[in-house]
Structure formats: C-alpha cells, structure tokens
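Structural overview for review
Listed here are the chains, written in short residue letters.
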Amino acid sequence: MKSACWNCGAAMPGRFCPACKALQPPSSDYFEFFEIPRHLALDTDDLEKRFYALSRKLHPDLFSRKPAREQQYSLDASAVLNDAYRVLKEPVARAMYVLKQEGLDIGEQGTKEVPPELLEEVFELNMALEDEDAAPQVEEALYRFQAMRQEIDTALQIKFAAWDASHDAPSLGEVRALLNRRKYITNLIDKASHVPDRI
Amino acid sequence: MFQIEFDNQDKVVGIDLGTTNSLAAWLNLTKPEVIPGEDGDKLVPSVVSLTESGEVVVGNAARQELIDHPDRTIYSVKRLMGRGVEDVREELNLFPFRIAEGSEQVIRVVLGDKTFTPPEVSAMILRQLKKNAETALGGPVSKAVITVPAYFNDAQRQATRDAGRIAGLEVLRLVNEPTAAALAYGLDKRKEGVIAVYDLGGGTFDISILKLQDGIFEVLATNGDTHLGGDDIDNRLLQIALEDVRSEWGEDLSHIGEAVQTLRRDVIRAKEALSFVPAANIEFDWQGRHYKREITRELFEGLIKDIVDRTLGPCRDCMRDAGVTPEQIDEVVMVGGSTRIPMVRGAVEVLFRAKPHTELNPDEVVALGAAVQAGILSGAVENQLLLDVTPLSLGIEMYGGLVSKIIHRNSTIPASAGETFTTAVDGQTNVLIHVVQGERELAKDCRSLARFDLKGIAPMTAGFARIEVRFLIDANGILNVTARDARTGKEQSMDVKPSYGLTDEQVEAMIEASIDHAEEDYTAAQVAGARVDADTILGAVDKAKRDPAWLDLSDEERRGVTDAINRLQLVYHSNDYELIRKQIDVLNEVTHSLAENMMNSAVRGALKGTRV
C-alpha cells in the first residue's frame, strides 16, 4: 500500500507526490496504472493517447538528473507502462490478463485437447498436410479456420461487453471458453500457413 | 567583468563509435554540431595503432600505420565487440585480426607485444574523441551518449558501455544508430508520419521503422544484420585485385599485411569514386611494380548485388513486424557511408516506393542525433522523446533445451517480465537460469547471454521454494536481473556469469589502469578550457580598447591593462592552466573600471536615444 511519499512522507502521494513532486513506485496493476476501469472492451485510441502522455512523464530520459532512487522508479514505471500498453492494446492479450488476475489463467493447457466439434476438421487438415498434392485443400482449410476465428472474435465482443457490465464469474467463464477455442484455431492456422512452398 | 560566467555543468557529447569512422558531436545551444579532430577532420578513422614506445595512435595518423606497421595496428574492432572467438572465426580469413591464445570468453587482440580486449581498443578511440571534444569545447567532458547498431545484442551493448567506462566516460545512454539518425533529421517538424531509416555502415546493417507523433519517436520495429556493410564490399574488390595480381605478377600477396592494406586503401578509393563516376581505376604500386584495373559501375554492381539484396529481406521483415506497407511509409532516411552507392539508393527507392532523404551527410547524421539525445537527457531539448525497442527476443532455457520467450522482440523498452522458479529435487539449494537472446526455438541456436545461479535457497521439499525473478531490459537495451524469495520477501542472492564479455571486476581493473591517462587528459582539458577563456577576455578587451571609454582611463590604468594583456599572452602557450587562470584574473581585475566606464557610457547612450 502506498500510504506515504518515500521522499517527504506526505500522505497518499499517488503517481507523483503532490507535496515534493517526487515520482512514486508504480502500481503493478495494468488498469490501475492507466487509471482506466477494468474493462475487457476498451477504446484503444484513448489508450494510445494515455500511453504517449504517460511516456512524456515517466521515461528514464526525463530522470537522468534526478536522484538514483527516482531514476529506478522511472525505470520501473516505464517498464510497467510499456508492458501494460502492449497487453492492453490487444484484445486477446488483455482478456488473458484479466483471466489471470481472476484466477482463470488459460496457461499452456487447453490447446492440447482437440475440441470435439473440430475433430473432423483437424483430421482432414493433418491428412492434407501429409499429402504433397493437397495444397488446395490446405488452403481451403486455412480459409475455413480464418472464418471461424473471425466468428469467435465477433462473439468475444459481445461477451466482453457482458462482463464489463456485470463483472460476474459466469460471463468471464464464457470468455475463457471462447479464448481457449480461439487459441486452438490459431495454432491450426499457423500450422496450415507454414506449409513450405511446393513446386 | 569581461569574463563570461562559465557553465559549470558538464557538457554531454554524442558519440558515433563506428566500424570505419567515429565522431563526436555536441549540442551548440539548439543545433547539433560535429566536433572536429586534432587534424581538423570531422571523421576520426576507427583505427588504433600502438607504437614501439607504447604510445597509442588513433585516427588518420593510425591509418598510415596500418600500412607501415600492420602488426601493431587494428581497424574495424567493432566487429569483435561482445563476441566470442567462435563467432569470428570466419572473419579472421578476411580481417587481419590477430587473436591471442586463451581468448574463450573474451577475445584478446594482439598489437605488437601486448594484448587488448575489444572494449579496451574501442576505449582508445573514445579517449581520442573525448580529448578532441575537451579541446574544442574548452572544458572537461565526462559524460556521453554513445550509439550502437539497433540490432546489437546484449553482449555487444555491454561491451560498448564497458568501452565508455574504460575511457573515463559516464555513458548516460546507448542509443540505436537509426533512431539517432531520425532525431538528427528533425523530422519532428512533421507532426505525424511513418519513417523508415535504412542504415548501411562499414560493418553493420540496420533498418528501423518509426512512428512519429507530436515529438515522440516511437520505434515500431527494427531488424538488421550486425555483419553486413561496406567492409564486405571492400573485400569483394580486394579479392578480385589480389587474384589479378597473382595471375599478372605470379605472386600471392594475400599474406603480406602491408601489401594487403595498401591494396585495400586503393580499392576503397575506386569504390568511393564509383558513386560519382561511371568507371574508376584500382591503381596499386608495390615494390616498383604497378597494377591498374578499370572497374565499371556495371561490373561493380554485378559484384555487390547480392550484398545489397541481403539488406532487403530484413527490410521486408521489419515492415511486416511494424504492420505497415510500403505505401504507408512517408519518408525514408539514409544513413551510413555505403548509402552513397547509387545501386543501394535505387534498391531502397524501389522497395519503399519513396525517394530517400540524403540531405544530411550520411557519415555525420548518427553523431548529430546522439547530440540531440544528449540534449534530451540534459533537459536542453524539450518535447522530443525516443521510445525504442529491443531487437531480439529474450528467453530462458527450459528442460530439454527449448526456449521460453519472456520478452518478445520489438517490445518497447524499458520492458520487463517476471518468472517464478522453484526446486525440482528435495533439499535443492541452487537454481540455475540460462538466459538467451534470439528467435530460434532451441537454446543452442540462440545467443547465450548469461547464467544466473540463484544460490543459498533454504533446503525444503521439491517445488516448495518460490523465487521470483524479474528480467528488465532498460532504456539502453541492456538486461538487468533481480530475484526475490517470495516466501521471505528477501532479495535472493545470485552469481552472474556472462557468456561473453568482461566481468565487472575486469572492467574495474581496466578503469584503474587507465587512471594515469585520465590525469593527463584532465590536465589537457583544463589547459584547453583556460585558453578558451583567455581568448574570450583578450577579444573583449581588444574591442574595448576601441571604445571611447578607453581614453577616459588614466595613463597608468591603460599601462596596467596593456601590461596584463602581455603577461596573459606570455603564459598562454604554457601547459600550466593555473598560471593562465591567474593572469586572466589579473586582466579581469585591471579592466574593472574600463568595463564600468563602458557600461556607464552605454547607459548614457541608451538614455540619449530615449524620447521622454
């Protein structure tokens, strides 16, 4: 808990101490850091503006003549800023971050098991990948997977809005299920698009 | 009174430590300017020679030594920075580096009867630039911004920073060369846009794509090849000439250092001429024999086409990573001497579908940008900010030799990642973490950075220990690692074994060894500073003597001033800066009333001109 400024002891210092202007240790929560509500759907243009504005306040270049401790906080804060921006600007990464915070981390699991409704598709893709003459089939499969991913992304938008309105566990569970499926399909897309060129 | 209030703040210089040439620049109020060397040349060739008496010679003077004493002279040392012997084995065929025995972790090159690490050789170049800057700016210089190729890995960056420290410079920031060039172009005058910087230097190639928004230079992606540049072109021409000579004279000169270096100089002349004329001759004189061969631009272009083509792949990858198409690129900036070659310009123009910027001297633009960055750090330049990226992914080796990427390439820096480690065996007290850099899936195919040994873990059941390790890439692109025991909250002790390069202790020892030099350097800087101040006051007094106030002085006062001027001029060329300072003070003292008179008459003059 940030209860007092490390430099002058003033209470509730925030990002910069209102009394002595010293930079305080950063919050490690990405939403808190950006001072935005914990939402799965967010305005990325606004996020970019905040990113630039915060960069202008926190970047280590602006602290090179400050005391060592403040330089360290600037480095820490800039790292959190950049890490947070990288995660929050991408809807999937952002949702994964929220899932992790809520203890619903997908991790490396969920991609090994084939979702039952995709069994046939996966079987066919594997057959086509092994067949030298099946390039058109691979391409077709790729097209289908991309369409599926598009569908998931549309569905995610709706689920995002639902969780943002309620912050309830079941709607986050649905987000998780969709992300799991999306991750699986993305792996298939990678697999299908990395076929070496055949002559 | 005629003395100008001297800025006590140390000046920060920007340094381009190049493969072929190095140079320093500073921010003169708001405009970056190159600082010339002792011989008036702006470029200091990155050549170092050690004379038989042990004196270090750097720059143009050393370039002559390259021909006269190739065994005591080294060039292109940048190619060896942060690398191991295995990395450079191939280059040893093309470059006359003499590597000492026992150079596993750090390469040691032989100069005469001594050996040096690449950071020490680079430090000699930096020390020369520091000296040049101190002479030109008239005061000690102890802080610098140094540029590195954007595609330099952690070890190469650390080696560059070590070189700075050994030279007695506090390296405030390492800046990527293409990014520095973008700053120098002052493209911020354009409010928004996407810029590509194509940087083909003597030994390295970089491509960076930046997004510009209200003074923020945000690098979107970078790519490159740290072993591709003008040197490779020189080697092509050199091979042809050596073969010609072999067949014409029936003699193989490729093992005679002196001959090869002379011929290298001659092919470089022809190469440079070919950027401006359709054909040029390689002319080489050796022991009374003469070799001459005409190289047409057509032949030349056929010879280097694959080298130019090798730059295009990284450019395409960079655009893909940045998520931009050629149409979205508004401006292209050219950096590095090799971009003078018309074929290179042509290829860039075709690829990016934009006419590249060549207004600034491609040899100077990086140093100028480094000076701007120095201004950003000192607060002299406001509203401009660089947001750079890490060129290579950072990963840790997992069980089975696979790499788990924890910070991806093209992430904006500073960037960080946290990982929690535990023990695999009951009672285990150490955990070893192997950190690598690169894009490959197996650790053995990536660049090993360092091994971190988390030690002194309290023995407990396997899997119970929780050591939180934080990997942070700072604004210099250098990795910092800290570890904490999550159970106790205490800092976790660890040993760091860098895979390449110098340990902190080694760098400290080298700094220690260079202190003697530092004292000499310091004195020279003080003398230079005192002379600059002497020039200022002598100039001001000279001007004052033409003012009517001069005649208002008594004869005695005038004699006093003239006397003080003579005394100052007498000590001006001595190397005793304290003496020069003392005479400046004397002159300042005796001109006190002269200055006051002038001021009064100026005020009177001003009042006269005022309508009441």
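Residues numbered from 1 in each chain as written. Chains lettered and ligands numbered in written order. Predicted model: local features only at pLDDT ≥ 70, side-chain atom pairs only at ≥ 80, totals over all residues.

1. Quick look at the environment of R581 of chain B
Residue and element names in this part refer to chain B. On the secondary structure map, R581 appears in helix α15 (residues 577–590). Residue classification places R581 among the partly exposed residues on the basis of 16 C-beta atoms within 10 Å. Through-space distance from the C-alpha of R581 to that of I413 is 46 Å; in sequence the pair is 168 residues apart. (Helix = DSSP H or I, 4+ residues; strand = E, 2+ residues; numbered from the N terminus. Buried ≥ 20, exposed ≤ 12 C-beta atoms within 10 Å, placed from the backbone.)

2. Notes on the environment of M398 of chain B
Residues and elements named next belong to chain B. Relative to the helices and strands, M398 is located in the loop between β19 (394–397) and β20 (403–407). Residues M398 and L432 lie 34 residues apart in sequence; the distance between their C-alpha atoms is 11 Å. Beyond its immediate stretch of four places on either side in the chain, M398 contacts V403 and S404. (Contact = placed C-beta atoms within 7 Å.)

3. Considerations on unusual backbone geometry
Residue and element names in this part refer to chain B. Residue P414 follows I413 across a cis peptide bond; omega there is 0°. Position of P414 among the secondary structure elements: in the loop between β20 and β21 (415–421). Of note, the phi angle at N410 is positive, near 65°, even though the residue is not glycine. Among the secondary structure elements, N410 is positioned in the loop between β20 and β21.

4. Description of helix α6 (residues 230–249) of chain B
Residue and element names in this part refer to chain B. Spanning 20 residues, α6 covers 28 Å between terminal C-alpha atoms, matching the ideal 28 Å at 1.5 Å per step. The set of residues buried in α6 consists of G230, D231, I233, L237, L238, A241 and V245. Summarising the axial view, the buried residues of α6 lie within an arc of 150°, below the 170-degree limit, and thus occupy one face. Of the exposed residues in α6, the ones pointing more than 90 degrees away from its buried face are E243 and S247. Structurally, α6 contributes buried residues whose contacts are with α7 (257–274), β15 (279–286), β16 (289–296) and α8 (297–322). Immediately downstream of α6, the backbone of G250 shows phi near 65°, a positive value. (Expected span 1.5 Å × (residues − 1). Arc of directions from axis to C-beta.)

5. Quick notes on helix α7 (residues 169–193) of chain A
All names here are of chain A. Taking 1.5 Å per residue, 25 residues should reach 36 Å; α7 reaches 36 Å between its end C-alpha atoms and fits that length. Residues L172, V175, R176, L179, I185, L188 and A192 constitute the buried set of α7. Buried residues in α7 make contact with α4 (91–101), α5 (119–130) and α6 (135–166).

6. Overview of the sheet that holds β21 of chain B
Read across the open sheet, the three strands follow the order β21-β24-β25 (chain B); overall the sheet is antiparallel. Only two strands of the sheet have a single neighbouring strand rather than two, namely β21 and β25 (479–485) of chain B. The sheet shows a mean angle of 20° between the axes of neighbouring strands, taken without regard to direction. In this sheet, β25 of chain B lies alongside strand β24 (residues 467–473) of chain B in antiparallel orientation, the contact comprising seven bridges. Residue pairing across strands places I473 of chain B opposite L479 of chain B, the latter belonging to β25 of chain B. Contacts from helix α3 (residues 68–88) of chain A reach β21 and β24 of chain B, with the element oriented near 90° to β21 of chain B. (Pairing = 2+ DSSP bridges. Axes fitted to C-alpha atoms, helices over the stretch in contact; angles between N-to-C directions.)

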